[in-house]
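This is what each chain is made of:
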Amino acid sequence: MPRDYKTIQAGVNAASPGDLVLVAPGTYAEEVVVSTSGVTVRGRDRNEVILDGGFEGENAIEVTADGVALENLTGRFYRGTAFYWSGVEGFRGSFLTAYNNGYYGIYAYESRDGRFEHSYASGHPDAGFYLGRNRPYDAAISDVVAEHNAIGYSGTSTGGPLTVTDSVWRYNKVGVFPNTLDRADPPQRASSIVGNQIYANNNADAPALQSYPLIGMGILLWGGSDNVVAENRVRDHDRFGIVAHPNVVTPSGNEVRNNQIGDSGRADLALGRPAGEGNSFHNNMFDTSLPPAIESGPTEGSAKVTAVFSALERQVETGTFPAGDWRDQPVPGDQPSMPDPEAPPRPAERASSLEAPEAQTDGYGME
C-alpha cells in the first residue's frame, strides 16, 4: 500500500498490481489516470474524499488498465466524466458518488467483465450510469440511484450478458435506456432489466444533450432487441412507462413481463412502428397500452407511439426542448460509505462470478 504521497496521482503511480491506494479525506483538484492493472483506489470516507474539477478539469479518474476498482469516492464539477473506464477487462465502481459533471457520471466504454454497485449519480447531461460499445459485456449494475440526469442508465450498442437490477431511477428525463444510436457498432441486445424502482422521469430541468430529445419515459428500448424487462415497478411518466421504439434498427425479440406500470400520460406499455418480430408483452399489471391489445399477440406497433417521438424531435428543431444547466443541478446529501474502508483490497472480479447484492437504497436523497 503506497503511503504518504501528496496527491492521489502520486500514490497511483507508485502502486503495483494488487495494491490499495487509500485516500485521506480532503478535496483534490486532480485529473487522475490509473494505468496499472489490479489496483484499488479507495477513499477513507465517501463524502469527504472529493475530487473537484472546478468546472475546468476533464475527468476525475480515468482507468486504462484491467482489473481496477474505484471505491468510496466523490467526483464533481468536471467538464467530462467523474469515473471512467476505457477499453478494459475487469472493472468495478463501488460506493461512488458522481454529481454535476458535464458529460457522464460513472462510465465504462468498450470494456467488459465489471460491476457498478452501491453508487449514486446525478446532474449529468448524458447518463448517470453508462455501459456501452461492446459485446459481450458481462456486466452488472445493482443497488444504485440515478436522478436529475438526462438519462439514468444508458447502454449503447451493448450485448449481454448484462443486468440492471435492484436500483432506483427517478427524476431524470428518461430512466433506463438500452439503445442503438448508429451503425458503427453492432446493435444493442440481450440486457436484463429486473426488479428496479423507476418513477417520475419527466424532469424538464435536468440537463440534456440536444441530440437526444427524449423525456417522460421510464424504460425505453430504442432500437434494442432480445432484452428482458421483468418485475420492475414503473409509475408516473408523462409519456410512456415501458416502450420499445425503432431507431437505427427495429426492436425485436424483447420480452416485457411481470411488471407493474401505472400513471402514464400516453400509455403504460407501448410499441412503436415499425416493430420487428418476437416482441412479447405478458403478465404485466397496467391500465393503458399502444397498441391497445399489446398483450394479445404479435403486433406491428402503433403509429401513435411514433408520433410522440416525432413531436419530441421537432422540439429540438424549434429550440423548445427543455433542458437545465449541469452546473446548477441539486447537490446531493451524504451517501452511505463502505462499511470498512480499512479492509484489504478486493479485485475487480468478473461480473458473472459476483452474487447480486441485496438492495440498500434507503438513505439516498437530496438536500
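Above: the structure in question.
First, a word on scope: everything that follows refers to the structure included in this document. Note that this is a predicted model, so its numbers are computed, not measured.

1. Notes on the overall build of the protein
Secondary structure assignment for the protein yields 2 helices and 28 strands. Its C-alpha radius of gyration of 20 Å places the protein within 12% of the 21 Å reference for a compact globule of 367 residues. Principal axes of the C-alpha set define a box for the protein whose edges measure 65 × 40 × 40 Å. Out of the 367 residues in the protein, the part that is buried amounts to 57%. Restricting the contact set of the protein to residue pairs at least 6 apart, pairs at least 24 apart contribute 64%. In the form shown here, the protein has an accessible surface area of approximately 13700 Å², with 45% of it arising from carbon and sulfur atoms. Within the protein, the 47 negative side-chain charges are centred at a point lying 3 Å from the centre of the 27 positive side-chain charges.

2. Observations regarding the side chain of Asn101
Mapped onto the elements, Asn101 comes out in the loop between β9 (89-99) and β10 (106-109). For Asn101, a relative accessible area of 0% corresponds to the buried category. Within the local environment of Asn101, its side chain forms a polar contact with the backbone nitrogen of Tyr78, the two atoms lying 2.9 Å apart. When near neighbours in sequence (up to four residues on either side) are disregarded, Asn101 contacts Gly75, Arg76, Phe77, Tyr78, Gly80, Ala82, Gly123, His124, Pro125 and Trp326.

3. Considerations on the pairing of strand β12 (residues 127-132)
Most of β12 is tucked away, with 6 of its 6 residues classed as buried. Sheet topology note: the β10/β12 ladder contains 4 bridges and is parallel. Among the inter-strand pairings, Ala108 is bridged to a residue of β12, identified as Leu131. By the bridge criterion, 3 bridges tie β12 to strand β14 (residues 151-156) in an arrangement that is parallel. Paired with Phe129 across the bridge in β14 is Tyr153.

4. Here's the deal with the sheet that holds strand β20 (residues 217-222)
As a general point, the strands of a sheet are linked pairwise by backbone hydrogen bonds and lie either parallel or antiparallel. Spatially, 11 strands are ordered β3-β6-β8-β10-β12-β14-β17-β20-β23-β26-β28 in an open sheet, and the strand pairing comes out parallel. Edge strands, defined here as strands with exactly one partner in the open sheet, are β3 (32-34) and β28 (289-290). Here helix α2 (residues 303-317) sits on the sheet in contact with β20, β23 (240-245), β26 (267-271) and β28, set at roughly 95° to β23.

5. What about the side chain of Thr158?
Position of Thr158 relative to the elements: it lies in the loop between β14 and β15 (159-165). Residue Thr158 is classed as buried on the basis of its relative accessible area, which comes to 0%. Setting aside chain neighbours within four positions, we find Thr158 in contact with Leu131, Gly132, Arg133, Asn134, Tyr137, Tyr153, Pro187, Gln188, Arg189 and Ser191.

6. Some words on the pattern of salt bridges
Enumeration over the complete set of coordinates arrives at 15 salt bridges. Between Glu342 and Arg44 there is a salt bridge; the shortest N-O distance is 2.2 Å. In this pair, Glu342 is assigned in the segment after α2 and Arg44 in the loop between β4 (40-43) and β5 (49-52), connecting sequence segments 298 residues apart. With a shortest N-O distance of 4.0 Å, Glu117 and Arg92 are connected by a salt bridge. In this pair, Glu117 is assigned in strand β11 (residues 112-122) and Arg92 in strand β9, connecting sequence segments 25 residues apart. Among the charged side chains, a network of salt bridges with common partners joins Arg42, Glu71, Arg92, Arg115, Glu117 and Arg346.

7. Describing the nonpolar core
Counting 57 residues, the largest nonpolar core has Val41 and Trp85 as the members making the most contacts within it. Here the element with the most residues in this core is strand β13 (residues 139-147); it accounts for 4 residues. Counting residues in hydrophobic clusters, the runner-up holds 25 residues, among them Tyr107, Ala127, Leu220 and Phe309.

8. Considering the packing of aromatic side chains
Under the defined criterion, the tally for this structure stands at 18 aromatic pairs. Here the aromatic rings of Phe116 and Phe129 are separated by 6.3 Å at their centres, their planes lie at 45°, and the arrangement is tilted. Here the residue Phe116 occupies a position in strand β11, and Phe129 occupies one in strand β12, the gap between them amounting to 13 residues. With centroids separated by 5.6 Å and ring planes inclined at 35°, the aromatic side chains of Phe177 and Trp222 adopt a geometry described as tilted. Taken as a pair, Phe177 in strand β17 (residues 174-179) and Trp222 in strand β20 lie far apart in primary sequence, 45 residues in all. Taken together, Tyr84, Tyr103, Tyr104, Tyr107, Tyr109 and Tyr130 form an aromatic cluster joined through their ring pairs.

9. Here we look at α2
Residues spaced three or four apart along an α-helix face the same direction, because each turn holds 3.6 residues. For α2, spanning 15 residues, the distance from its first C-alpha to its last is 21 Å, which sits close to the expected 21 Å at 1.5 Å a residue. Every buried residue of α2 is listed here: Val305, Val308, Phe309 and Leu312. Buried residues of α2, viewed axially, fall in a sector of 90°; they line one side. Opposite its buried face, α2 presents the exposed residues Lys304 and Glu317, each directed more than 90 degrees away. Buried residues along α2 sit against β20, β23, β26 and β28. One side-chain oxygen at the N-terminal end of α2 lies 3.1 Å from the backbone nitrogen of Lys304; it belongs to Ser302. Phi turns positive, to about 75°, at Gly319, one or two residues after α2.

Reading the values: the criteria
Residues numbered from 1 in each chain as written. Predicted model: local features only at pLDDT ≥ 70, side-chain atom pairs only at ≥ 80, totals over all residues. Heavy atoms only, no water. Helix = DSSP H or I, 4+ residues; strand = E, 2+ residues; numbered from the N terminus. Rg over C-alpha atoms; globule rule 2.2 N^0.38 Å. Buried < 20%, exposed > 50% of the residue type's maximum accessible area, 1.4 Å probe, protein only. Contact = heavy atoms within 4.5 Å. Areas by Shrake-Rupley, 256 points an atom, 1.4 Å probe, with all protein chains shown as cover. Lys, Arg positive; Asp, Glu negative; His and termini not counted. Charge placed at Lys NZ, Arg CZ, Asp CG, Glu CD. Polar contact = N/O pair within 3.5 Å; in protein donor to acceptor, adjacent residues only side chain to side chain. Pairing = 2+ DSSP bridges. Axes fitted to C-alpha atoms, helices over the stretch in contact; angles between N-to-C directions. Salt bridge = Lys/Arg side-chain N within 4 Å of Asp/Glu carboxyl O. Core = buried A, V, L, I, M, F, W, Y, C linked by side-chain atoms within 4.5 Å. Phe/Tyr/Trp six-rings, centres within 6.5 Å; stacked < 30°, edge-to-face > 60°. Expected span 1.5 Å × (residues − 1). Arc of directions from axis to C-beta.

Remember, this is a structural readout, not a statement about activity or role.
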